[in-house]
Amino acid sequence: MPEQEREFEIVVWGASGFTGRLTAEYLLAEHGASGGLRWAIAGRNREKLEALKDELAQETGSSTDALPILIGDSDDEASLVAMAGRSRVICSTVGPYAKYGSGLIKACAESGTAYCDLTGEVHWMQRMIEAHQDAAVASGARIVFNCGFDCIPSDIGAYFMQREMKRLHGEACSQIQLRVKGFSGGASGGTIASMLAMMDEAAVDPGVRRAMSEPYSLNPKDQQTGPDSAEGMAPSYDADFGEWTAPFVMAGINTKVVRRSNALLEYAYGKTFRYDEAVLMGSGVGGFAKAAATSVGSAATLGAMALGPLRRVAAGRLPQPGQGPSKEKREAGYFDLALRGVSDSGRVLHGRVRGDRDPGYGATSKMLGESALCLARDPLAVEGGLWTPASALGEALLARLPQAGVSFELED
Ligand SMILES: NC(=O)c1ccc[n+]([C@@H]2O[C@H](COP(=O)([O-])OP(=O)(O)OC[C@H]3O[C@@H](n4cnc5c(N)ncnc54)[C@H](OP(=O)(O)O)[C@@H]3O)[C@@H](O)[C@H]2O)c1
């Protein structure tokens, strides 16, 4: 059935999980269960989803009686095909995506169903692009990965800086730097499980290691070179910001997605465009000490998670699937990112991306919900294919996200 005539506009698959529940809560708060938006929650376990409806009704004070439940199990291909055929958009929070997500991408690509998710699993995205790009182009399915904290602030932030540089000065930014000024939040069990699963695959598969380390690994196959190199792990002094910096843990995925956006936008940012991310740590000796400690700490954490015995000790203390930061922590959380764009002729623009909730869950669930709404309702410039947020949803997200508490602003 054509996408426009489907029974639902959006189905949230994985609604019983930590982030899926927050996404459902957001759509319920914004649109109700039986208001203008035709949407449903989905998962593999009907009892859990029935219980979720009751809990959401209690928490939000909105009736959920009219909210439909669909069943989709990653082990049951027919259930995924049936689910994909009933909605314009499937919004998936079922991860680790490399473990549970491939069947749904196939079902969406073949049935012309739009899709958005929260994956940061580069190797899996690479596999999905290779396997399903042709089917998505043929069916018209617009498939958009990375619609959470990784990578919307970076990808839409870079898109915003390019748009503003062109509007004000008629040229593109040949370089953009993103610097993390601050953030507060925590991790969920699902995120930790996804990171561990990716490290396990990297340990035995050199192809996965390459996908994770090569700076242009998400670009189309014949376009995987450019001026940027892989992120380093050492502290460094950033003369443009006047501070010491440490590596940013999300840079590995964010930078690759921004570069893929440039390629998919037919190099609107230029063929020599450079992009990097880091965390600002302050100036002087104190800044250096913090940058060095953070760099060593990040490397040690990654090393410990890769080693069996240390990992088992850590695993018992970390959140398990279904768990994540408390409501208080999410509401007290925030993120604050600085952007600096420079054009070939030396024009400089400063920008800021800010979120009013913790990045990983409070803000992510709103960014994902709004991405699904863009796919369901907004006029988009792209047809079927596997896209990035900026290449498919750039203008639509810039119009929607400020009302959802994620702002993109120029500073000068
Ligand atoms: N990009 C970002 O910024 C960002 C932020 C947050 C999360 N994430 C990612 O989002 C994903 C979800 O994280 P989370 O913390 O919400 O995870 P979670 O709480 O563990 O939830 C996982 C969901 O997947 C469902 N599921 C598991 N196996 C399934 C199967 N075989 N078939 C159908 N459904 C299945 C679970 O259903 P049951 O309840 O029935 O077990 C649950 O609804 C992770 O990959 C995480 O890395 C990314």
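Scroll up a little and you will see the structure.
The rules behind each value
- Residues numbered from 1 in each chain as written.
- Predicted model: local features only at pLDDT ≥ 70, side-chain atom pairs only at ≥ 80, totals over all residues.
- Heavy atoms only, no water.
- Helix = DSSP H or I, 4+ residues; strand = E, 2+ residues; numbered from the N terminus.
- Buried < 20%, exposed > 50% of the residue type's maximum accessible area, 1.4 Å probe, protein only.
- Areas by Shrake-Rupley, 256 points an atom, 1.4 Å probe, with all protein chains shown as cover.
- Lys, Arg positive; Asp, Glu negative; His and termini not counted.
- Charge placed at Lys NZ, Arg CZ, Asp CG, Glu CD.
- Pairing = 2+ DSSP bridges.
- Axes fitted to C-alpha atoms, helices over the stretch in contact; angles between N-to-C directions.
- Contact = heavy atoms within 4.5 Å.
- Phe/Tyr/Trp six-rings, centres within 6.5 Å; stacked < 30°, edge-to-face > 60°.
- Core = buried A, V, L, I, M, F, W, Y, C linked by side-chain atoms within 4.5 Å.
- Domains from an automatic or database assignment.

Q: Please provide a residue-by-residue account of the overall build of the protein chain, values included.
A: Counting its regular elements, the protein chain contains 15 helices and 14 strands. The principal-axis extent of the C-alpha atoms belonging to the protein chain is close to 60 × 50 × 45 Å. Every one of the 412 residues in the protein chain was classed for burial, and the buried ones make up 52%. Accessible area of the protein chain: about 17,100 Å², with a carbon and sulfur share of 52%. Computed over 41 positive and 51 negative side-chain charges, the separation of the two mean positions in the protein chain equals 3 Å.

Q: Break down the sheet that holds strand S4 (residues 87-92) for me, citing the residues and quoting the values.
A: The parallel open sheet is built from 7 strands, whose spatial order is S3-S2-S1-S4-S5-S6-S13. The open sheet terminates on both sides in strands that have one partner only, identified here as strand S3 (69-71) and strand S13 (385-387). Geometrically, the sheet is characterised by an average inter-axis angle of 20° between neighbouring strands, direction not taken into account. Sitting on the sheet, helix H3 (residues 77-86) touches strand S1 (8-13), strand S2 (39-43), S3 and S4, and the angle it makes with S4 is about 125°.

Q: Quick one: what's the story with the packing of aromatic side chains, residue by residue and with numbers?
A: On inspection of all chains with the given rule, the structure shows 11 aromatic pairs. Geometrically, the ring pair formed by Phe149 and Phe248 is edge-to-face, given 6.5 Å between the ring centres and 80° between the ring planes. One end of the pair, Phe149, is in the loop between strand S6 (142-144) and helix H7 (152-169); the other, Phe248, is in the loop between strand S9 (243-246) and helix H10 (251-264), with 99 residues separating them in the sequence. The buried category is assigned to Phe248, whose relative accessible area is 8%. One aromatic cluster is present, built from ring pairs that chain together Tyr97, Tyr115, Trp124 and Phe145.

Q: Before we move on, can you summarise the nonpolar core with the specific residues and values?
A: Considering soluble globular proteins, one finds that nonpolar side chains tend to be buried as a cluster. Ranked by size, the top nonpolar core spans 102 residues in total, and within it Ile10, Trp39, Ile41, Met83, Tyr115, Ile143 and Phe145 carry the most contacts. Counting residues per element, this core draws most heavily on helix H14 (residues 359-377), at 8 residues. Both domains that meet at this core, namely domain 1 (3-149 + 362-405) and domain 2 (153-358), each give it at least three residues.

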